[in-house]
Amino acid sequence: TRTTRPQRLLQAVSINAVRGDPDSVIKAIDHFCKHTEWAMNVGDEKGAILDLVVMETCPSTVLELGTYCGYSTVRITRLLPPATKLITVEMNPEYAHVARQVIQHAGLQDKVCVLEGESADLIPKMANMFGIQAFDFVFLDHWKDHYLPDIRLLEDCGLLAQGSVVLADNVVCPGAPDYLNYVRYNLKYSSRFYQAHLEYTRVLDGLERSEYQGD
Ligand SMILES: O=c1[nH]cnc2c(O)c(F)c(-c3ccc(F)cc3)c(-c3ccc(F)cc3)c12
Ligand SMILES: [Mg+2]
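Residues numbered from 1 in each chain as written. Chains lettered and ligands numbered in written order. Predicted model: local features only at pLDDT ≥ 70, side-chain atom pairs only at ≥ 80, totals over all residues. Heavy atoms only, no water.

## Brief notes about the pairing of strand 6 (residues 189-197)
The criterion, for reference: Here, a strand pair is defined by DSSP locating no fewer than two bridges between the strands. Put simply, DSSP H or I for four residues or longer makes a helix, DSSP E for two residues or longer makes a strand, and each gets a number counted from the N terminus.
Note that strand 6 and strand 7 (residues 204-212) share 9 bridges and pair antiparallel. Each bridged residue has a counterpart across the sheet, and for Arg192 the counterpart in strand 7 is Arg209. Taking the residues between adjacent antiparallel strands as the criterion, strand 6 and strand 7 are bridged by 6 residues, where Tyr200 takes a positive phi near 60°.

## Focus on the sheet that holds strand 2 (residues 85-90)
Stated formally: Working convention: axes come from line fits to C-alpha atoms, limited for helices to the stretch in contact. Angles between N-to-C directions cover 0 to 180 degrees. Residues are treated as being in contact if the distance between any of their heavy atoms lies within 4.5 Å.
Read from one edge to the other, the open sheet built from 7 strands follows the order 3-2-1-4-5-7-6, with strand pairing classed as mixed. Whereas interior strands pair on both sides, the edge strands pair on one side only; in this sheet they are strand 3 (112-116) and strand 6. Shown here is a sheet whose adjacent strand axes are inclined to one another by a mean of 15°, direction ignored. Strands in contact with helix 5 (residues 93-105) are strand 2 and strand 3; relative to strand 3, the strand with the most contacts, it is inclined by about 170°.

## Focus on the coordination of the magnesium ion (ligand 2)
Threshold: Each metal's donors are the N, O and S atoms within 2.8 Å of it, or within 3.2 Å when it is Na, K or Ca, and because water is not part of the set, sites may look incomplete. Three exposure classes are used, based on accessible area relative to the maximum for each residue type with a 1.4 Å probe and protein chains only: buried under 20%, partly exposed in between, and exposed over 50%.
For the magnesium ion (ligand 2), the full set of protein donor atoms is Asp141 (OD), Asp169 (OD) and Asn170 (OD1), at a range of 2.0 to 2.2 Å. Sequence spacing of the donors to the magnesium ion (ligand 2): D-x27-D-N. Placement of Asp141 in the loop between strand 4 (135-140) and helix 8 (144-156) and of Asp169 in the loop between strand 5 (160-168) and helix 9 (171-175) is noted, with a sequence separation of 28 residues between them. The class for Asp141 is buried, based on a relative accessible area of 14%. Among the residues examined, Asp169 registers a relative accessible area of 0% and is labelled buried.

Now the structure itself:
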């Protein structure tokens, strides 16, 4: 096929979503994934849980690991007050390019910074790059095997403070057992599981919310 799935998803957004309207971008992507082609966005069911956790956290600094096409970036950023910044990291340049266009279609480009590269390389540079102390909210949605090393790296770089909330996607499917063990049995975190389903399917999945208790 000439085009890639992210490009076909972007085309669905540009055709079906109203420019400047984040909710119409979210609806257009969910419709595309339900009726045309499955894609690994957090989706509407887990997305509603993501919305609730973001709203109760009221974060001023947000980090997302794993942008893909920008669906969860738009979901999170549409809930943030004007002065807030969201940094999202994507290692695949083609995904990052599509995500920037999806985020722009939603009119949220001024609140989002899409960084291309490996999370492990970029995390140690973030404090200096953005002049931030800690992240209030982190969404892990990149690769299951990187969840544990990356949350440890965030701790070591002093980028988590008391009350920081880390929400992880796909903790059941495909699963991140080493990560779950760490956040559930480590006194530094208070963790809880939200049962849901794999996006656009009836397969079981879920999100894990872990609140950092401080050093
Ligand atoms: O890798 C991911 N990152 C973030 N979110 C993801 C997500 O929300 C998913 F639903 C899946 C998924 C799960 C089940 C399946 F059958 C296909 C893809 C993946 C994933 C898992 C294994 C791979 F080899 C490739 C992609 C991811
Ligand atoms: Mg995911």
